[in-house]
Amino acid sequence: MESINKSDNNFEQCLKCTICTVYCPVLAVNPQFPGPKHGGPDQERLRLKMPSFYDEANKYCMNCKRCEVACPSNVRIGDIIQKAKLKYSRHRPSVRDFFLSHTDLVGTLSSPFAPLVNKALGWNVTKQILDGVLKVDRHRTFPKYSHEKFTSWMKKHADEQKQYPHQLCYFHGCYVNYNFPDLGKDLVRIMNAFGYGVELLEEEKCCGVALISNGFVGQARKQAETNLKSIRKAVSQEKAVILTSSTCAMTLRDEYPHVLNLDNKDVRDHIEIATRFIYRMIHETKAFDVSKLKFRNRPLKIAYHTPCHLEKLGWEYYSLELLRLIPNINLTVLKPNCCGIGGTYGFKKENYENAQKIGAPLFKEIEEGDFDFIVSDCETCKWQIEMSTSKKCIHPISVFAQALD
Amino acid sequence: MIFDTVIIGGGSSGLTCGIRLQEAGKKCVIISSGQSALHFSSGSFDLLNALPDGTKVTNPIDALKELKAQNPKHPYTKIGEEKFAHLAQEAQRLLADAKIQTVGSYHANHYRLTPFAITKPTWLTMADYVYAEQPDTFSWKNISIINFTAYLDFHPNFFADKFRRMGMSVREIEIDLATIANNKNNLSEMRSTNIARLFDNGKTFANFANILKSKIEKSDAVLLPACLGLEHADIVDTLSNILGVTVKLLPTFPPSVSGIRSQYLLKQRFMELGGTYMLGDTVNKVEFEGNQVTKIYTVNHNDIPLRGEQYVLCSGSFFSQGLVALPNDIIDPICGLDIDYISDRKQWFADDTFDKQNYESFGIKTNEHFLAIKDQKTIDNLHVCGASLGGFNALKDGCGGGASLLTALYAAEEILGNKK
């Protein structure tokens, strides 16, 4: 029987049960957003009839995918909205959207002048200009640029990494490369402790998540093709490809096929976050022996925040299990609330207030908890939590690395 | 991943089973492919409202003998009279420990109202809902029924009409939330949960209470649509104290705020006891060896299987896709277990929607201890609970809630007993 559904998504599986509307963080604070059910499957029906039915208010979707996690019918609601935005929106990306989403370009330009750029981005006058001219909200704190890129550091240590009996490839992502190489270095340290040397991919571009959400789909596809080519090469050499960023992982695995229509079936299962790789090595293949590791045994009282995209991947368990290996740890799992940043979403002036409202319950829980610090796998959750609470937010890989003696 | 028990399905049944097992120190994981049917909860759990021949039931435990005679396949028949009372008490205790306060008892049905203001018998009702020991007996004389401007999932006229016919004086009050919440935007998505979120903001709630106080005059009860208490279950008591009169909730159309809160509280309880809850994942392969399940694979965890000594299937019925209807077949898409159903499709449903529908009582076949049957062989370490089970018509017999909770507790006790 030939399918009658001419759309390339599964919107017709929606039963109109409204469960997704309960879990949409945007809908809870912004009544202008039509919401996942209405903006997704409901309006898809109309859009298929006539593209002019597209509702520009779908721009308020932050693509957190919480609707998809909640949906009992496995409708890919977030994908439906993302694709509709790319296909039907008449809104052209602004200069601001260009700068927020072209992370490789901005990172490459900023790194050599890191001390100056970091200082300038902290100035009130810069913030006022960014706010007034570019509509980047002045309340935002920008992530600092690193003077030495992670890739430069890796190149210096390439020979030393080759000495290890096993090798794997690390998709570091823009944040580790331009802003926070220390996280990458922590990963290298842990992998080395387990006998694995770390390599870079042949060529790595920004995963493209910000390009997709800001409407630069052509550029996103180009970068995705480069990444897939490099990943295919690594996989053909039987090297695992691991990431520390949960959002990059979700983009490479799911947004490439679902939103960019790029087939990644052959390599998708080889792309995973580092904590999952470590879990497999310890518990499934038993290649890693934790009893050989020496820990500092420092008492820690920490709270873990699950990033939306990690929840979508279903992989929070692996990061928690890694943390639980650390002796003398008192670990609280925070309630399943979104932090509100949504990547570049919360940087935009028009979204700032709602982003902070979305995050408010999480910030409150953090402040009430008397934790040493917060742990999360997502770099943008980290910026949001550090800007909006009094706590530091550290990646589980760094927490583990710092717990090693 | 290795657990003591792997539970497939994270609604009322899966969570009840998981909580009971965690209480006894077992390490459990629940895999749930999305949120559960609790989001459409009426605010009550039914135990047994009618026998298959239509006879009304006022005392569920006394009706078990007749139920057995009329329907030997009913899950309650398998549970048996003695265990039934024990498990029904356990269920209420377990809910209370999860901070879900209910009223009701397994040996006397009480009466709730539906969103159409129809009176129906039931077993447990959320303590803050309107209920009566006997049908339509309320001591109130003057009541106020509140609704919110533009909120379409609640119809106060049905209730007002009902209470007026009972001789009460009814004041209908409409409140504009946009003014109270100081919200300049039009609340286009006026759903129960969004309204509940407004009230979770202390300032909005205080504003609302003040306005209400000025409007209710001499009412001896104030009845609100059940749009309060997503986060704080005690908000109705707080309002009652401020107003100085009884405040009770009337059911709304979905989504159900009390159901969502119950889902959240059960999940929290399960996790506080050390359970692992995996939301948004789907089991895509179950491996059997002889008469045992050995491991399961899921979409998210792919090559890393979940293993347990025991497995429990609480995947629900057609809505939750625990059962799937094909053109001429009913299947369990997860484990491929044997299903109890009529093979002639014409007999699956009656033309009149409100008649007894046979498909309602289709479900997974089990032995007398709710162990699954696959290819006519019993699977020794796989229990089946709740709406996945066959042999009962949850709508006509009014026993869906009880069947979910009691079979889940039965399975948990079997699993714990087996280990002794």
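Rules and cut-offs
- Residues numbered from 1 in each chain as written.
- Chains lettered and ligands numbered in written order.
- Predicted model: local features only at pLDDT ≥ 70, side-chain atom pairs only at ≥ 80, totals over all residues.
- Heavy atoms only, no water.
- Helix = DSSP H or I, 4+ residues; strand = E, 2+ residues; numbered from the N terminus.
- Buried < 20%, exposed > 50% of the residue type's maximum accessible area, 1.4 Å probe, protein only.
- Polar contact = N/O pair within 3.5 Å; in protein donor to acceptor, adjacent residues only side chain to side chain.
- Contact = heavy atoms within 4.5 Å.
- Salt bridge = Lys/Arg side-chain N within 4 Å of Asp/Glu carboxyl O.
- Pairing = 2+ DSSP bridges.
- Axes fitted to C-alpha atoms, helices over the stretch in contact; angles between N-to-C directions.
- Right-handed = clockwise from strand over helix to strand, strands pointing away.
- Domains from an automatic or database assignment.
- Buried area = accessible area lost by both parts, 1.4 Å probe.
- Nonpolar A, V, L, I, M, F, W, Y, C, P; charged D, E, K, R; others polar.

Moving on, we come to the side chain of B:His39. Mapped onto the secondary structure, B:His39 falls in the loop between β2 (28–32) and β3 (44–45). Residue classification places B:His39 among the buried positions, given a relative accessible area of 0%. For B:His39, the side chain forms a polar contact with the side chain of A:Tyr23, separated by 2.7 Å. Here B:His39 is in contact with A:Ile19, A:Tyr23, B:Pro254, B:Pro255, B:Ser256, B:Ile260 and B:Gln263, once residues within four sequence places are set aside.

A few words now on the pattern of salt bridges. Tallied over the entire structure, the rule returns 47 salt bridges over all chains. A salt bridge links A:Glu350 to A:Arg96; the nearest nitrogen and oxygen atoms lie 2.9 Å apart. Here A:Glu350 is found in helix α20 (residues 349–368), whereas its partner A:Arg96 is found in helix α5 (residues 95–101), with 254 residues between them in sequence. What makes A:Glu350 partly exposed here is its relative accessible area of 41%. Looking at A:Arg96, the relative accessible area reads 7%, which means it is buried. Taking the shortest distance from any N to any O, the salt bridge between A:Glu199 and A:Lys239 comes out at 3.1 Å. You can see A:Glu199 sitting in strand β2 (residues 196–200) and its partner A:Lys239 sitting in the loop between α14 (217–236) and β3 (241–243), a full 40 residues away along the chain. Connected via shared salt-bridge partners are B:Arg20, B:Glu23, B:Glu90, B:Arg93, B:Asp97, B:Arg269 and B:Glu413.

Moving on, we get to the sheet that holds strand β8 (residues 393–394) of chain A. Residue and element names in this part refer to chain A. Ordered in space as β6-β5-β7-β8, the 4 strands form an open sheet in which the pairing is parallel. Two strands in the sheet have a free side with no partner beyond their single neighbour: β6 (329–333) and β8. With 2 bridges connecting them, strand β7 (residues 373–375) and β8 associate as parallel partners. Considered in β8, the bridge of Val 375 is made with Ile 394. Along the sheet, helix α19 (residues 316–324) contacts β5 (300–304), β6 and β7; its crossing angle with β6, the most-contacted strand, is approximately 160°.

This paragraph deals with the sheet that holds β2(A). All names here are of chain A. Read across the sheet, 4 strands follow the order β2-β1-β3-β4 without closing on themselves; strand pairing throughout is parallel. Two strands bound the open sheet, and with one partner strand each, they are β2 and β4 (271–273). Put simply, the sheet's adjacent strands are angled 40° from each other on average, direction ignored. In the packing of helix α15 (residues 246–258) onto the sheet, the strands contacted are β1 (166–171), β3 and β4, and the crossing angle to β4 comes to about 160°.

Before going further, it helps to examine the pairing of strand β1 (residues 2–8) of chain B. Residue and element names in this part refer to chain B. Of all 7 residues in β1, 5 are buried, a share of seventy percent or more. Strand direction decides the pairing type here: β1 and strand β16 (residues 307–313), joined by 6 bridges, are parallel. Note that in β16 the partner of Val 6 across the bridge is Tyr 311. As paired elements, β1 and β2 share 4 bridges and run parallel to each other. Bridge assignment links Val 6 to a residue of β2, and that residue is Val 29. In this fold, β1 hands off to helix α1 (residues 12–23), which returns the chain to β2; that crossover is right-handed.

All names here are of chain A. Domain boundaries assigned for chain A yield domain 1 (11–88) and domain 2 (293–403). The distance between the C-alpha centroids of domain 1 and domain 2 comes to 27 Å. Every contact between the two is made by 14 residues of domain 1 and, on the other side, 16 residues of domain 2. The largest contributions to the domain 1 side of the interface with domain 2 come from Val 29, Met 62 and Arg 66, which together make up 50% of the buried area. Our enumeration of links across domain 1 and domain 2 arrives at 2 salt bridges. Between Glu 311 and Arg 66 there is a salt bridge whose closest N-O contact spans 3.7 Å. Among the residues forming the side of domain 1 that touches domain 2, the class breakdown is 8 nonpolar, 2 polar and 4 charged.

All right, on to the interface of chain B and chain A then. Counting residues at the interface gives 36 residues for chain B and 34 residues for chain A. Roughly 3,000 Å² of surface becomes buried between chain B and chain A when both sides are summed, with 49% attributable to carbon and sulfur atoms. Contact with chain A buries area across many residues of chain B, yet B:Gln35, B:Asn300 and B:Ile304 alone supply 17% of it, more than any other trio. We note a salt bridge from B:Arg307 to A:Glu284, for which the minimum N-O separation is 3.8 Å. Counting across the interface, chain B meets chain A through 13 residue pairs in polar contact (both at pLDDT 80 or more). Taken together, the elements giving at least two residues each to the side of chain B that touches chain A come down to α7 (192–200), α10 (257–272) and β13 (276–279) of chain B. Split into classes, the residues belonging to the side of chain B that touches chain A amount to 12 nonpolar, 18 polar and 6 charged.

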